[in-house]
Amino acid sequence: MSDTILLNGNQIQLTIERLSREVIESINFQNTVIIGVQPRGVLLAEKVHQKILELTGNDIPFGKIDTTFHRDDFRRGKSLNAKVTEIDFHIEEKNVLLIDDVLYTGRTIRAAMDALLSFGRPLKIELLVLIDRRFNRELPIQPDFVGDVVDTIEKVDVEVQWAMNDNETNKVVFIKENN
Amino acid sequence: MSQLSSKHVIGIEHLTVDDIQLILQTATQFKAIINRPIKKVPTLRDITIANLFFENSTRTRISFELAQKRLSADIINFSSSSSSVKKGETLLDTVNNILSMKVDMIVMRHASPGAAHYLSERIDAHIVNAGDGTHEHPTQALLDAYSMQEKMGDLKGKKIAIIGDIMHSRVALSNIFCLKKLGADVTLCGPSTLIPKHIEKLGVHISHNIDETLQWCDVANVLRIQLERQNTKYFPSLREYALYFGVNKQRLEKLKREIVIMHPGPINRGVEITSDVADSVHSIILDQVENGVAVRMAVMYLLVNKQQD
């Protein structure tokens, strides 16, 4: 197993800042909410939410959504553990900025949109991802805000590894699976 | 620890501690779902579940049925009073006929202890025991444990009293297994005629004094006197039972601290528990009912999620 670093901590920092500025440029603060996709999209969403707060002083409503019960690969391989869904505001007629770390087949985002719709009818859903693996899509889903684009063969895993303590740094890595 | 160790839920006795914890954790997510404006998820939309109730039930049957509907499963309901069981068909024949119509899961209540286990050895579908005679009622014990945890956190070292007709109660047996596995301290309290011999081998204390037991416990789970299963007289009269073992306001007012009151229903008001206690703020009887739906959703979800070996 060999890991190749695609983005290091500094690069991720810069990318998050750029993404946040792009979001600030295009959104209407009065009517926007941020929702992170469990589990790892939430970590990115927290950082983007924090950055927008620092840059503009706007504390956008922030929530988390878990896709487990809406997935289409239920019973087709891995077993699924549900995480918390936390949306303490109305999404009816709001612009929802959905955030995940890696966009791959698109199935997680489809499930997230399905889960989201059981909370109401948003005006619009936009998608922000740190990494877009653009040649592996299985559904017609495209991101609106992209940190970086990666073209890989299917055997390679792209993973965003968030630092859990001060001794670690954030990084995006390729993981080649031993087959 | 992301899937159950068994493809059936026949009894708590055969679940591991990890299984129980996984069910309780998953139930928390389902409780959030059933409190949303849209109380439904599409997870089990291609699953068909048969509810076979060979014995009467209101709460459990409705609770299972709602849980299945909230998970988008297709369901068929069966009760023995309106079926070919009356014509003499055996249990295995009835179930095999239903399964040949492509049913994935059976939820069964039956008057014979071991009925669910008997089926699990002979058929392929998932089986959930919704009560088998005086043996086990696993989902009731799980929802009781969930309700206690919700009220007071980790059950390790907590003092739980199970009061009343232990002998005829499948709820008592499942509760004992479940609470012991979660590390609680359990006392059974009732007239000696209604406490089975040798039950202390399960690691529980026995008491015949209701006032001492109430003084000791954090939670009192009061059970129904099961008159329908009692073919001899176990105590002289209901009035005498209520006098010596009924949980009432006077008894609770004598305690130094407040305790949580539970009852699996249906309640014989004025016998094992009085109305002023059952309807008081310390009673979580209706929370138990609400949590029942979430816990049953978790059990059925996790069974379907279980990988085939």
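First things first, this report covers the structure right here in the doc. Numbers given to residues run from 1 along each chain, matching the order in which its sequence is written. Here the convention is simple: chains get letters from A, ligands get numbers from 1, in the order in which they are written. In keeping with the model being predicted, local features are shown solely for residues with a pLDDT of at least 70 and side-chain atom pairs are shown and tallied solely at 80 or more, while totals for entire chains, interfaces and linings include all residues.

1. Some remarks on the packing of helix H2 (residues 59-70) of chain B against helix H11 (residues 285-305) of chain B
Two measures define how a pair of helices packs: the angle their axes make with one another and the distance between the axes.
All names here are of chain B.
Move 1: Viewed as axis vectors pointing N to C, H2 and H11 meet at an angle of 55 degrees, and their least axial separation amounts to 8 Å. Comparing the axis directions of H2 and H11 gives the class oblique. For the pair H2 and H11, the crossing hand works out as right-handed. The residues of H11 that touch H2, namely those facing Arg59, Ser63, Phe64, Leu66, Ala67, Gln68 and Arg70, are Val289, Gly292, Val293, Arg296, Met297 and Met300. Orientation is described by axes fitted as lines to C-alpha atoms, over the contacting stretch for helices, and by angles from 0 to 180 degrees between their N-to-C directions. The secondary structure listing takes helices from DSSP runs of H or I that are at least 4 residues long and strands from runs of E that are at least 2 residues long, numbered from the N terminus. Note that the term roughly parallel is reserved for angles under 35 degrees, roughly antiparallel for angles over 145, roughly perpendicular for angles of 65 to 115, and oblique for everything else. With the far helix as reference, a near helix turned anticlockwise by less than a right angle produces a left-handed crossing, and one turned clockwise produces a right-handed crossing. Contacts are defined on C-beta atoms placed from the backbone: any two residues whose C-beta positions lie within 7 Å are in contact.

2. Quick look at the pairing of strand E2 (residues 32-37) of chain A
Here is the key point about a regular strand: its side chains alternate between the two faces of the sheet.
All names here are of chain A.
Move 1: In this scheme the burial state of a residue depends on its C-beta neighbours within 10 Å: 20 or more other such atoms mean buried, 12 or fewer mean exposed, and anything in between means partly exposed; the C-beta positions come from the backbone. Where burial is concerned, most of E2 is hidden: 5 out of the 6 residues are buried.
Move 2: In the sheet, E2 pairs with strand E4 (residues 95-103) via 5 bridges, with the strands oriented parallel. Note on E4: the bridge partner recorded for threonine 32 is asparagine 95.
Move 3: Two strands form a pair only when DSSP identifies at least two bridges running between them. In this sheet, strand E3 (residues 62-65) lies alongside E2 in parallel orientation, the contact comprising 4 bridges. Across the sheet, isoleucine 35 pairs through a bridge with glycine 63, a residue of E3.
Move 4: The handedness rule is simple: strands pointing away from the viewer, and a clockwise path from the first strand over the helix to the second, make the crossover right-handed. Handedness of the crossover joining E2 and E3 through helix H2 (residues 40-56): right-handed.

3. A few points about the pairing of strand E3 (residues 105-110) of chain B
Residue and element names in this part refer to chain B.
Move 1: For E3, a buried count of 6 out of 6 residues is recorded, marking the element as mostly surrounded by other parts of the structure.
Move 2: By the alternation rule, side chains of E3 split into Met105, Val107 and Arg109 and Ile106, Met108 and His110, which are all buried.
Move 3: The pairing of strand E1 (residues 48-53) with E3 spans 5 bridges and is parallel. Across the sheet, the residue bridging to phenylalanine 53 is arginine 109, located in E3.
Move 4: Two strands pair when backbone bridges link them, and E3 and strand E4 (residues 126-132) are joined in this way by 5 bridges, in the parallel orientation. When the bridges of E4 are listed, histidine 110 appears paired with aspartate 132.
Move 5: In terms of handedness, the path from E3 via helix H4 (residues 115-120) over to E4 forms a crossover that is right-handed.

4. Some remarks on the interface of chain B and chain A
Move 1: With 13 residues of chain B at the interface, the matching set in chain A holds 10 residues.
Move 2: At the level of elements, helix H1 (17-34) and H11 of chain B are the ones that each hand at least two residues to the side of chain B that touches chain A.
Move 3: Residue contributions to the side of chain B that touches chain A peak at 3 residues, all from H1 of chain B.

5. Re the nonpolar core
Move 1: A set of buried residues qualifies as a nonpolar core if it consists of Ala, Val, Leu, Ile, Met, Phe, Trp, Tyr and Cys joined through C-beta atoms within 7 Å. In terms of nonpolar packing, the biggest core is built from 94 residues, with Ile106 and Met300 of chain B touching the most fellow members.
Move 2: Among the elements that line this core, the one with the most residues is H11 of chain B, at 11 residues.
Move 3: Val23, Val96, Val102 and Ile131 of chain A belong to the second-largest nonpolar core, a separate cluster that totals 36 residues.

6. Notes on unusual backbone geometry
Move 1: The linkage connecting glutamine 38 of chain A with the following residue, proline 39 of chain A, adopts the cis geometry, with an omega of -5 degrees.
Move 2: In this model, glycine 265 of chain B is joined to proline 266 of chain B through a cis peptide bond whose omega is -10 degrees.
Move 3: Note that proline 266 of chain B resides in the loop between strand E9 (260-262) and helix H10 (275-278).
Move 4: Even without a glycine there, the phi angle at glutamate 93 of chain A is positive, about 65 degrees.
Move 5: On the basis of neighbour count, glutamate 93 of chain A is assigned to the exposed category, with 11 C-beta atoms found within 10 Å.

7. Re the environment of histidine 117 of chain B
Move 1: Note on placement: histidine 117 of chain B falls in helix H4.
Move 2: Here histidine 117 of chain B falls in the partly exposed class, since 17 other C-beta atoms lie within 10 Å of it.

8. With respect to H11 of chain B
All names here are of chain B.
Move 1: Helix span, expected: 1.5 Å multiplied by one less than the number of residues in the helix. Given a rise of 1.5 Å per residue, 21 residues ought to cover 30 Å, and the 30 Å separating the end C-alpha atoms of H11 matches this to within 8%.
Move 2: Taking the largest bend as the criterion, H11 deviates by roughly 30 degrees, centred on asparagine 291.
Move 3: Burial analysis of H11 places 16 of its 21 residues in the buried class, the great majority of the element. To get the bend at a given residue, fit one axis to the seven residues ending there, fit another to the seven starting there, and take the angle between those axes.

9. Here's the deal with the packing of H1 of chain B against H11 of chain B
All names here are of chain B.
Move 1: Running from amino to carboxyl end, H1 crosses H11 at an angle of 120 degrees, the nearest separation of the two axes being 7 Å. Classified by the angle their axes make, H1 and H11 are oblique. The chirality of how H1 crosses H11 is right-handed. Contact with H1, carried on its side by Leu22, Ile23, Thr26, Ala27, Phe30, Lys31 and Ile34, involves Asn291, Val293, Ala294, Val295, Met297, Ala298, Val299, Tyr301 and Leu302 of H11 and no other residues of that element.
Move 2: In this classification, Asp, Glu, Lys and Arg are treated as charged, Ala, Val, Leu, Ile, Met, Phe, Trp, Tyr, Cys and Pro as nonpolar, and every other residue, Gly included, as polar. By residue class, the composition of the contact of H1 with H11 is 13 nonpolar, 2 polar and 1 charged.

The quantities given are spatial measurements derived from coordinates; they are silent on function.
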